[in-house]
Amino acid sequence: MEKIDVLLGLQWGDEGKGKVVDVLTPKYDVVARFQGGPNAGHTLEFEGEKYVLRSIPSGIFQGDKINIIGNGVVLAPDLFMEEAQALEKSGHELKSRLHISKKAHLIMPTHRILDQAYEAQKGKNKVGTTGKGIGPTYTDKVSRNGLRVGDILDNFEAKYAAHKARHEQMLRALDFTDYDITEVEKKWFEGIEYLRQFPLVDSEHEINALLKANKSVLCEGAQGTMLDIDFGSYPFVTSSNTICAGACTGLGVGPNKIGDVYGIIKAYCTRVGAGPFPTELFDETGAKIRAIGHEYGAVTGRERRCGWIDLVALKYAIIINGVTKLIMMKSDVLDGFPTVKACVAYKLKNGEVIDYFPYDISDGIEPVYKELPGWNLNLSEVKSEDEFPQTFKDYIAFLEQELETPIAIVSVGPDRAQTIIREK
Ligand code: GDP
Ligand code: IMO
Ligand code: MG
């Protein structure tokens, strides 16, 4: 029986998951999203074109592969319509090969208002969410108040009205009443009609049947391990399980079906939104990484915070996910640096040095760095591993040894073609 491979981010999101899913898709029959929603922004570049996907899996551009939006995803019909219609306009047929789980939860316009209201209420402790209604939608799911894709098939308007009334009451209680969703709601209902044109499926049945028929599936994670609701830097996290286990619950597959777990990392580290980030650089080096790496949010355009790679956090992420292979992105961004640093331990406020990821990283952690020589070569032009300079080979070997996991792929630029596959 074929296995399911899972590809996910090991840092705070935006590691380059979309690009790698697109590169790996030819090896698979099916690509499936299992959590998150339009808070994601997955960028793909090929043949001079650039696409940013939010809810649609990144396997959509490679031939006639089936792409699935699983039950663990939260879907905003208006944003989905916008995204899908843009793809259709550029010649990509979707309706026969993009399947949507009936159990995926719907993000309502009032969820987005609630997202704003909760953020406003948190004041200086706000999470810095993407404002897409992710938290309130998952909250409704868990509190058994959610509205699902399957609900659009029966008596939908009445169900919608009841949910909206409940949200309005909550917003009044929060004293957050200065909003107008008339226009958004109109578009949202157009989105519902548009959604009806897609195969609405029981994706757990579909995926398990495909596996039984020896088909292979690649699961595409959104966000990253450090944003996981259980293991991330809580409460500055997203509201879903971004980790490998999320693929089991978000698609309805048994853990014994999981094959390879690809952990995606940047050669450095970024974070967007609020929350602790031990290796964050506030100096010129951080600004240089941001400028060279174009570190601005794919969805919100927000400046991404930049810092050195954090091996303490990565070791934790590798364990939590059971990562079998690493994929390193954006190595080319560090091309011009005379030396590069990697955090190998944390020095706590009381002076103690630890090499494990602690309960709380918000209080005065000082990173302990190992400094390595840089590589003075334009990696983005490199076509094979043999052309890597020795210092870069040493950097890879150092990471593999520290993280006890092989680096199977090295990405040296945003384009599909700028990808060096190392595993034989
Ligand atoms: P995702 O959310 O994990 O899919 O990542 P994003 O798309 O939000 O952010 C990754 C950004 O880095 C995108 O703009 C990609 O086009 C770009 N990118 C991906 N891989 C590379 C790489 O190896 N080098 C460079 N310079 N850019 C890359
Ligand atoms: P991709 O899939 C980076 C961050 C937000 C915020 C926190 C909670 O492109 O890697 P939410 O809207 O989910 O309630 O916000 O999570 N965040 C991301 N950061 N990449 C993402 O997705 C993110 N999705 C959410 O900035 O700090
Ligand atoms: Mg992104």
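Before any of the text, the structure's been laid out above.
Anyway, here's the lowdown on the structure attached to this text. Bear in mind that the values here come from a model prediction, so they are computed numbers and not experimental data.

### Looking at the site of ligand 2
Piece 1. Around ligand 2 lies a shell of 21 residues, among which Asp14, Lys17, His42, Thr130 and Thr238 are the nearest.
Piece 2. Within the side chain of Thr130, one N or O atom sits 2.6 Å away from an oxygen atom of ligand 2.
Piece 3. Residue classes in the shell around ligand 2 are distributed as 8 nonpolar, 10 polar and 3 charged.

### Topic: the side chain of His42
Piece 1. You can see His42 is positioned in strand β3 (residues 42-46).
Piece 2. The class of His42 is buried, set by a relative accessible area of 5%.
Piece 3. Only 2.6 Å separates the side chain of His42 from the side chain of Glu220, close enough to count as a polar contact.
Piece 4. Contact partners of His42, with chain neighbours within four places excluded, come to Lys17, Gly18, Arg33, Tyr51, Val52, Leu53, Ser58, Glu220, Gly221 and Ala222.

### Concerning the site of ligand 1
Piece 1. Of all residues adjacent to ligand 1, which total 19 residues, the nearest are Gly16, Lys17, Thr43, Asp332 and Ser411.
Piece 2. The separation between an oxygen atom of ligand 1 and a polar side-chain atom of Arg304 is 3.2 Å.
Piece 3. Contacts to ligand 1 include Asp332, whose side-chain N or O atom sits 2.7 Å from a nitrogen atom.
Piece 4. Contact with the protein chains covers 92% of the free accessible surface of ligand 1, which is 580 Å².
Piece 5. Elements with a contribution of two residues or more to the shell around ligand 1: α1 (17-24) and β3.
Piece 6. A per-class count over the shell around ligand 1 returns 4 nonpolar, 7 polar and 8 charged.

What counts, and at which threshold
- Residues numbered from 1 in each chain as written.
- Chains lettered and ligands numbered in written order.
- Predicted model: local features only at pLDDT ≥ 70, side-chain atom pairs only at ≥ 80, totals over all residues.
- Heavy atoms only, no water.
- Near = heavy atom within 4 Å.
- Polar contact = N/O pair within 3.5 Å; in protein donor to acceptor, adjacent residues only side chain to side chain.
- Nonpolar A, V, L, I, M, F, W, Y, C, P; charged D, E, K, R; others polar.
- Helix = DSSP H or I, 4+ residues; strand = E, 2+ residues; numbered from the N terminus.
- Buried < 20%, exposed > 50% of the residue type's maximum accessible area, 1.4 Å probe, protein only.
- Contact = heavy atoms within 4.5 Å.
- Areas by Shrake-Rupley, 256 points an atom, 1.4 Å probe, with all protein chains shown as cover.

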